[in-house]
Amino acid sequence: GIEFIHSYVFNKVEHIRFNSTVGRYVGYTELGVKNAEAWNKGPQLGQEQAELERFCKPNAALHYRAILDKT
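Going by what an unreviewed UniProt entry lists, the protein chain is known as MHC class II beta-1 antigen and is assigned to Oncorhynchus tshawytscha.

Written out as structure tokens, the structure is:
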């Protein structure tokens with residue numbers, strides 16, 4: 001399957017990530033964990049899920065087809 005990942009990086013350190021397979025934000029630093037908890041309860045989670053439906057899913061089939069055509 002296809003997975004959508006949206007990472008938030010500062011100074012080359014990944015602090016937080018939205019992962020479509022997990023379906024929520026995951027924090028990787030102390031601040032990232034705190035933000036993930038808040039973002040999973042707030043409008044940010046719905047916005048990521050809407051992006052997944054609006055952009056990723058419709059375009060995934062196009063990109064997948066383009067990859068298959070090259071093989």
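This part is about the packing of aromatic side chains. Under the definition given, this model contains five aromatic pairs. On the basis of an interplanar angle of 65° and a centroid distance of 5.6 Å, the ring pair of F18 and Y25 is categorised as edge-to-face. Each of the two residues, F18 as well as Y25, counts as buried. Three or more aromatic residues link up through ring pairs in this structure, and these residues are F4, Y8, F18, Y25 and W39.

Attention now moves to the nonpolar core. In terms of nonpolar packing, the biggest core is built from eight residues, these being F4, I16, F18, Y25, A36, L45, L52 and C56. When residues of this core are assigned to their parent elements, the largest contribution, three residues, is made by helix α2 (residues 43–70). Ignoring any residue separated from it by four or fewer positions in sequence, one finds F18 in contact with F4, I5, H6, G23, R24, Y25, L45, E48 and Q49.

Definitions and limits used
Starting afresh in each chain, residues are numbered from 1 along the sequence in its written order. In keeping with the model being predicted, local features are shown solely for residues with a pLDDT of at least 70 and side-chain atom pairs are shown and tallied solely at 80 or more, while totals for entire chains, interfaces and linings include all residues. Note that water and hydrogens are dropped before the side-chain values are worked out from all heavy atoms of the structure. Only the six-membered ring of Trp is used, alongside the rings of Phe and Tyr, when aromatic pairs are assigned; centres must lie within 6.5 Å, and planes under 30 degrees apart are stacked while those over 60 apart are edge-to-face, with the rest tilted. Three exposure classes are used, based on accessible area relative to the maximum for each residue type with a 1.4 Å probe and protein chains only: buried under 20%, partly exposed in between, and exposed over 50%. Throughout this description, the term nonpolar core refers to a set of buried Ala, Val, Leu, Ile, Met, Phe, Trp, Tyr and Cys residues connected via side-chain atoms within 4.5 Å. Only runs of H or I of at least four residues qualify as helices and only runs of E of at least two qualify as strands under DSSP, and these elements are numbered from the N terminus. In this description, contact between two residues means that some pair of their heavy atoms is separated by no more than 4.5 Å.

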